[in-house]
Amino acid sequence: MSESRPAPASSVATPPERDARFDIAIVDQSQDAIDAARDAAEVRLTEELNSEGGRIRRFIRNIWKGNHAKEIYRQRYIAEAAKTIHETQDQFAHLDADESQKTNARVATIDRMLQGHDEAIHQEAGENREVLDDGSAIASATKDLVRRYASGDLDEDALKEEQSRLLEAYRATHDGVDELRRCSVQVHNITDVARAVKGAVEHGESLDQIIQDMRVVDGTERSGARTEHMQTLTDRTIEKLGKSKLGRLSFLTPEMTVTAVAVASSAVRVGATMGLGNALKVVAPGIAGGVIAGLRESRHVRKERIQSAREAAQGGERRDSDTRREEMETTLYETRSAVDEAANIREALGLEAFENNDIAAVHDVMMRVAELQERRRISDVDKKDLLSFSSAIAMGAERHDLDMALVEAKMALAHKLAIDDVQNGLRSSFGAEPHDLLAAAREGHSALIEQDVTEKDKLYSKLRRKRVTQKVAVGVALGATLGIATQEAMAAIQPNIGGIADNFTGQKTDLHGGKSHYTLLGRMFNTDQSSGGDTHAVAAGAGKFDVTGGTADIKNGMMTIDAHGRTVEVPVGINGQLSDAAREQLQGQGINVGESKAVPVNIPTTKHVNMSPDKFLEHYGDKTSHVVRDFWYDNNTPSPNFDLNEQGLHLAGENGTGIGPDGHVQLTVAPMTSEGSFHSGQSIEWQKAAESGNLKFAISATENTQKQPFMLSIKPDGSIDIPKDHPAAQLFSEVDGRMQFNGAYGEVVQSAGVDTNGIEHIRPLATMVGTKEWPGGPVDIPGTEPGTAYITSIDVPNETVTELPPIVPVPLSRKSMEQLKGPEAPYYTAYERTSPEEWRAFRKEISPRLRRDPQAILSPRDELKWYRGDIEKRKGKEYLRDIDAQIAASPELSNPAEDLRAIVTVPVHGSGEADNIYKTLSLYNQQTEEKGKFMVMLHVNWFDSEELDVEKKANIHKTLSEIERARQDFPDLAIATIQSVWEQEKKDRGEYGNGIIGHVTRKMYDAAMMTVEGAMQQGRIENQDVLLIRNDADAEGMDRRYVSQMINNMESHPDSDVFTGAIRWGTERHSDLPGFAFVSNFREVMHIATHRKGISEWPPTVGINTAVRMSTFAAVGGVGSDPDNTGIGSDDLNIGGRVKDARQPGDGGPRTRSYMRYGSARFKNIRRRLRDSPAETDSGYTGRSGEGNYSYHRHVVGATIDTSPDRLEAAYLDPRVESTSDAWANWDNKQRSVGVAELRKQHKESLRSNPAAIVSHVEADLSKSITERFKNSAHVAAGLAMMLPVEIDGQPSYRISATRSGSKRFEFTDEGRQWFMHRLARDSKGRYDPIGRRVRRQKYHEGVRGRRLATKIAPYVK
Amino acid sequence: MEADKELDKFMSDLIDEKKLDGVDDEIKKELIVDMKERFADILDRRMVDALPDDRVEGFSQLLDRDDIDNAVLQQYLIDAGVEVQQVTVRTLLEFREIYLR
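What comes next concerns the included structure. (Residues numbered from 1 in each chain as written. Chains lettered and ligands numbered in written order. Predicted model: local features only at pLDDT ≥ 70, side-chain atom pairs only at ≥ 80, totals over all residues. Heavy atoms only, no water.)

### Description of the environment of G743 of chain A
All names here are of chain A.
- As for its placement among the helices and strands, G743 is situated in the loop between β25 (738-741) and β26 (745-754).
- A C-alpha to C-alpha distance of 6.4 Å links G743 and W774, two positions 31 residues apart in sequence.
- Excluding residues within four positions of it along the chain, G743 makes contact with S700, A701, L731, G770, T771 and K772. (Helix = DSSP H or I, 4+ residues; strand = E, 2+ residues; numbered from the N terminus. Contact = heavy atoms within 4.5 Å.)

### Considering the pairing of strand β4 (residues 216-220) of chain A
All names here are of chain A.
- With respect to burial, β4 is a largely interior element, five of its five residues being buried.
- Along β4, one buried face is formed by V216, D218 and T220 and the opposite face, lined by V217 and G219, is buried too.
- Bridge analysis of strand β1 (residues 24-28) against β4 gives five bridges, and the strand direction is parallel. By the bridge assignment, A25 is partnered in β4 with V217.
- When strand β2 (residues 128-131) meets β4, the two strands line up antiparallel, connected through four bridges. Note that in β4 the partner of N128 across the bridge is T220. (Buried < 20%, exposed > 50% of the residue type's maximum accessible area, 1.4 Å probe, protein only. Pairing = 2+ DSSP bridges.)

### Details of the pattern of salt bridges
All names here are of chain A.
- Counting across every chain of the model gives 71 salt bridges over all chains.
- A salt bridge links R195 to E156; its shortest N-O distance comes to 2.9 Å. Of this pair, R195 sits in helix α8 (residues 190-202) while E156 sits in helix α6 (residues 156-173); the two residues are 39 residues apart in sequence, bridging distant segments of the chain.
- Judged by relative accessible area, R195 falls into the partly exposed class, the value being 37%.
- A salt bridge links R965 to E962, with the shortest nitrogen-to-oxygen separation between them at 2.9 Å. Taken together, the positions of R965 and E962, both in helix α31 (residues 950-969) and three residues apart, correspond to about one turn of that helix.
- When its relative accessible area of 36% is taken as the criterion, R965 is described as partly exposed.
- The structure contains a network of salt bridges with shared partners spanning D32, D35, R38, D39, R222 and R310. (Salt bridge = Lys/Arg side-chain N within 4 Å of Asp/Glu carboxyl O.)

### Remarks on the sheet that holds strand β13 (residues 566-571) of chain A
Residue and element names in this part refer to chain A.
- Pairing in this open sheet of three strands is antiparallel, and the strands run β11-β12-β13 from one edge to the other. What marks the edges here is a single partner per strand, and that holds for β11 (551-555) and β13. Recorded for the sheet is a direction-independent mean angle of 20° between the axes of neighbouring strands.
- Pairing analysis gives six bridges linking strand β12 (residues 558-563) to β13, with the strands arranged antiparallel. Bridge pairing in β13 links T560 to E569.
- Lying over the sheet, helix α22 (residues 580-588) contacts β12 and β13, oriented at roughly 170° with respect to β13. (Axes fitted to C-alpha atoms, helices over the stretch in contact; angles between N-to-C directions.)

### Overview of the nonpolar core
Residue and element names in this part refer to chain A.
- The biggest cluster of nonpolar side chains holds 78 residues, and the ones touching the most others in it are L921, Y924, V936, L938, M1046 and V1258.
- If you tally residues by element for this core, the top one is helix α35 (residues 1074-1089), at seven residues.
- Judged by nonpolar contacts, the second largest core, of 46 residues, contains L900, I978, A1008 and M1016. (Core = buried A, V, L, I, M, F, W, Y, C linked by side-chain atoms within 4.5 Å.)

### Here we look at the packing of aromatic side chains
Residue and element names in this part refer to chain A.
- If you walk through the whole model with that rule in mind, you get 18 aromatic pairs over all chains.
- Ring geometry for F631 and Y633: centres 4.9 Å apart, planes at 75°, overall edge-to-face. Neither F631 nor Y633 differs from the other in exposure class; each is buried.
- Both rings, one in F1078 and one in F1316, keep their centres 4.9 Å apart while their planes meet at 80°; by these two values the pair is edge-to-face. Linking F1078 in helix α35 with F1316 in helix α46 (residues 1310-1321), this pair joins segments that are 238 residues apart in sequence. For the residue pair F1078 and F1316, the accessibility class agrees, reading buried in each case.
- Clustering of aromatic rings is evident, with ring pairs tying together F1078, Y1294, F1306, F1308 and F1316.
- In this structure, K198 packs its charged tip against the face of Y149, placed 4.6 Å from the ring centre.
- Here R965 stacks its cationic end above the ring of Y918, 3.5 Å away from the centre of that ring. (Phe/Tyr/Trp six-rings, centres within 6.5 Å; stacked < 30°, edge-to-face > 60°. Lys NZ or Arg CZ within 6 Å of the ring centre and 35° of its normal.)

### Thoughts on the interface of chain A and chain B
- Taken together, the contacts link 43 residues of chain A with 46 residues of chain B.
- Together chain A and chain B conceal approximately 4,100 Å² of surface at their shared face, both sides included; 68% is due to carbon and sulfur atoms.
- Counting the surface chain A buries against chain B, the share from its top three residues, K240, R248 and F251 of chain A, is 15%.
- At the junction of chain A and chain B, the tally comes to zero salt bridges.
- Put simply, chain A and chain B have two residue pairs in polar contact (both at pLDDT 80 or more) between them.
- Secondary structure elements with two or more residues in the side of chain A that touches chain B: α2 (55-68), α3 (70-88), α10 (233-243), α11 (254-270) and α12 (278-313) of chain A.
- It is α11 of chain A that contributes the most residues to the side of chain A that touches chain B, twelve residues altogether.
- Residues of the side of chain A that touches chain B, tallied by class, amount to 23 nonpolar, twelve polar and eight charged. (Buried area = accessible area lost by both parts, 1.4 Å probe. Polar contact = N/O pair within 3.5 Å; in protein donor to acceptor, adjacent residues only side chain to side chain. Nonpolar A, V, L, I, M, F, W, Y, C, P; charged D, E, K, R; others polar.)

### Considering unusual backbone geometry
- Positive phi outside glycine occurs at N357 of chain A, with the angle close to 65°.
- With respect to the element layout, N357 of chain A can be found in the loop between α15 (352-355) and α16 (359-382).

### With respect to the environment of Q74 of chain B
- Within the secondary structure layout, Q74 of chain B lies in helix α4 (residues 70-79).
- On the basis of relative accessibility, which here comes to 11%, the residue Q74 of chain B falls in the buried class.
- Between the C-alpha atom of Q74 of chain B and that of V84 of chain B, which follows or precedes it by ten residues, the distance is 8.4 Å.
- Those residues in contact with Q74 of chain B that sit more than four places away from it in its chain are S250, F251, L252 and T253 of chain A.
- At a separation of 3.2 Å, a polar atom in the side chain of Q74 of chain B contacts the main-chain carbonyl oxygen of S250 of chain A.

### Side note on a positive patch on the surface
- A cluster of basic side chains, namely R1248, R1322, R1333 and R1345 of chain A, defines a positive patch on the protein surface.
- Locating R1248 of chain A in the fold gives a position in the loop between α43 (1236-1242) and α44 (1251-1269). (Patch = residues over 30% accessible without salt bridge, like charges linked within 9 Å, V, L, I, M, F, W, Y side chains within 5 Å. Areas by Shrake-Rupley, 256 points an atom, 1.4 Å probe, with all protein chains shown as cover. Lys, Arg positive; Asp, Glu negative; His and termini not counted. Charge placed at Lys NZ, Arg CZ, Asp CG, Glu CD.)

### A short note on the side chain of D1057 of chain A
Residue and element names in this part refer to chain A.
- Relative to the assigned elements, D1057 resides in the loop between α34 (1042-1052) and β35 (1058-1060).
- Given the relative accessible area of 1%, D1057 is considered buried.
- A polar side-chain atom of D1057 sits 2.7 Å from a polar atom in the side chain of T1112.

### Looking at the packing of α6 of chain A against α8 of chain A
All names here are of chain A.
- Across the interface, α6 lies against α8 with an axial gap of 11 Å and an inter-helix angle of 140°. By the angle class used here, α6 and α8 are oblique. In this structure, α6 crosses over α8, and the sense of that crossing is right-handed. Within the contact between the two elements, α6 uses E156, L159, Q163 and L166 and α8 uses I190, T191, A194 and R195.
- Of the residues belonging to the contact of α6 with α8, the class tally is four nonpolar, two polar and two charged. (Parallel < 35°, antiparallel > 145°, perpendicular 65-115°, else oblique. Left-handed = near helix turned anticlockwise from the far one by under 90°.)

This is the structure we're talking about:
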């Protein structure tokens, strides 16, 4: 070995160039931001509608949020999202993206606006860009801000404050709709520029000059999806109404509110009344419900199409089960992937044929340009998404990249079209001028796009019609059913509505407003429609009518019935006879008339006879009295002088005519006075006499019969009433409107009593002298005769009101589209990255053969040679010279074995691996593989600062000594070393990027590949592939076949590029921590399970145990040369990642998307395309293996490494760390095992004394892991199936449930727990044999003690 | 204000009718406030929906005016032929249906 002090590794860490110009861009993203808020609201609503829950819950939720209240919630969610976006000034606030992605997007926006290519500003879509005059308020204020900060007048805090003021002023000048003001978002680089200017000034640049040269660009960005949300005028108006300064419900007067509430409350109690026929009433609610449901569905479908189009444009992928979205996708316009199109057009430009002016190649570029231009134009102008992007956050950058690709293509095309040969070639081949060709191509593509738009619109109309029709049909039926059912339910609790149930119970319905109210069904099935009211009799002669539910009166042969406000009048016979016509008339008015019952009666009769006064008195003798007049109260003035009360008798009745009501004869003595009647010392007070019943009116028919007058009482008020049917009334007749007395005398008399002869003594007070004209005509003489009377029952039913079932919008459960697939969790978050720029940069780092043909079988010699040139180009000659020098200085590297098939590369931290490295090297020495077929290459490295630390310096020396000792002890093992000393100062300045491990491994990999490249160039090694194995320096054990298994797999699987083996984490610790044994194995099993078919997860390449075919690794540019991406993941995950990107570019786009969504619908389409295309299948990389998604990657059985568990174990033991899945969360490139020794002292697991604690610990660890790290449920199921029995005695061994917080919970079932504890503690025969001891015995043959073993030699070496 | 009281009572009756458990007076007050807000959301939409298409723009512009007052708003709706009272009654009933379901 030859040690050489390496040059400082400056060549591997060049800080990124900073743009020297101090231009500022303020870019308004408000429109995109409000769109993002709407997108976020849709996603949230969809998530909630699809969240877990029982069927009934979902049904109710779908009714509530999916129909009635969806709009309410939608607006609320939009408002909430807009608020968050506005407050955070981050339009991506609701996306699951890391800060670096967001920063990339912001930077891309700023750059785009600063660059200002016309092609990159989509004016048709609403974008604009303006370089502000210095005189403008914003430009002036911005420059002033920078100047004050750079000159030290403002500190950091003040800068931020002033910047806020500046942006407020900016917003004030950008009038927008109210909605935008609430979600106003700007991105800018003011702070960055201010700091940069300050730095420049401190380094001597002129502040005045910088400010003078500075440009302030005002831009508006519209990089989001083009399909516009359905924010109609109605929506905006409603929003305004909701936010009106007048307050809520400002359009209602207080009176309106009071009345409306009263009416609504009343309607709730009784329901609405409509004069519809029953049949119509059945249908009407349904129709109304159906129409409403149809209208709603129409609107929903439209929204779903918009949502689908936007989400598809943003790279969303539907779930396989989402049939609604699948159906909707058939109506979406055809899109082109912006990333693919940019890559394709650049690829077309890079073809040799194009460079050589091949007419077909030039024409191909023309066609591509034409299509992209049209696609872009129509997309912007018509607001249609005709381009798709990998994600919402990447849209801006990807759109810009496509624009730039278009610019490049147009420039290249312009150049070509200026060449005569090309012009002539196009003319002769296509028969047209080049510019006409381009115009025609644009027209053609425009027509094709429009055709697609038309077809998809038709499909959409058809789909909408179908869904609306279905909803209307269901709505009609359900509307009627629900309305009727609701009505019956109301009737059941309300006494004033008769429901169908009342027909069976006989329950009568209370009246409401004098009417009987029935439900629709109640009315249809009601056979008893009587009023149920009281009955009263109305006499009709000897007959009668028993009237129920109403009132009746008979007068003059007419019966008048009051039917609840309506009057019905019919003629009736004198004894209750009812003619057929009358009967029909009543029934026609809804009055029920019973059969008339005939009853034999004595019918009163009146005989009209002529008789003499004597006969008359004889006939009415019982109403007369025999009288004698004791004297007259003549007031002592004899006749004919009548005075005082003698003149006090007068006609009364109507206007003093004597005519009273009903033909009564009425008189009065009220004018008499108390003292107006006396005679010779006798006097009488008429009132007192009346009150005592002694004042009477004596009517004498004739002079001759004046001893037998009719005697009538005079009431105390002096009134005299002679009923019409009184015999005395026949002595009066109406003459000229006045009653005329035709008898002899009518006297007001005092009755002085009846003497013993029966003679009543009377004393007249006043006398009316009649005409004394006895009528002599017929006199009515009443009597009776036998006859028939009729009794008829009449029922006046209450007015029946059939209530219309409530017409409410039909609450149809509506299945929403499902959520889009969420991003699948990457294994190492640190590996998430990339922008389109990186993707493009990566494409440039791939060898031309691989770029042309991702499935190419690569020549190691060609690729390594190309890589050598690439290293020189990208990393510089100095770097390559350093590598070459290190190789030359190493005998192992400069003279590798002829049959070399693998180089095991191991980064060795000089001060950290002193105690490990010898052991690690011993493991390779014990490998079964021939020593000449592989070598171990160590990159020993340390920081110069560590040399100042005595202990670390000693460790570095020890490491080197241990390596040397190994060389001595293992002479057959080729151990090569290269060394690097890193500069602490550079690290402190951040010039090594985000970690040193990237630099360490890049140099190591490059040295390994250049070793082989050199050997091939020198002819010492054939053009055969060599495997680059990446391991770590702290291995504790290893399968003794490790290297041979790796090499064998490389040789036997030429279609695979990447190989990984299993990792065991510190099996020596498993005796003390059996639970840890399980969780650490679970981690590895999950990695292995990624290779299972149907598991769409990316298999990581972990540095502890990864290998890659050197030809492929060279062709993908190793792990890259990004000076900033040098931390964790850049050294190992990049191996598999870059190979995948290069080998399977069909997945397209940025790598993050590729990794996270591998196995996506889009990927499957590409696979399908490859599969369906024979030509591609034959040569297709994917087609070569025909296996799982990652056919370039192979898991190698028997290539297991038992590694130091420190970091994982610390995470397991540390109570502050929830799970081993967090073990690398705080990676900081420092000591990994901080605290593990102390933790080990504190924590130990006991299978005997506290097995429950182990179970709990394992359950908690797995719960966290499957919540945050392994999110793919199919993947988890596959992994657990490799560790636990799926069922035990028919019972599952575990359950996974979702908690309210959204996390997942892993729990053993009782059976599973029992099985698990048994497996940890006992062997398959039930003997106590704890897992730690068992594994060590099986793998290392420790503690064998007479047991029979499966192998004679321990599988692992240690 | 009587109108507010009436609306409160309507909502209060709804809550009673729903027979929710554990609703004390304090909670009920909060519920009423929330329900009135929801009702207002629905009514806003129903009222705008009831406007003839060619009158929506005018209504929208009206809401932008600084000198707007309740009477102008009310009159606009009436002039546009919106049966404000009827729409309100129907919306109250619709809200009731929604709430009780």
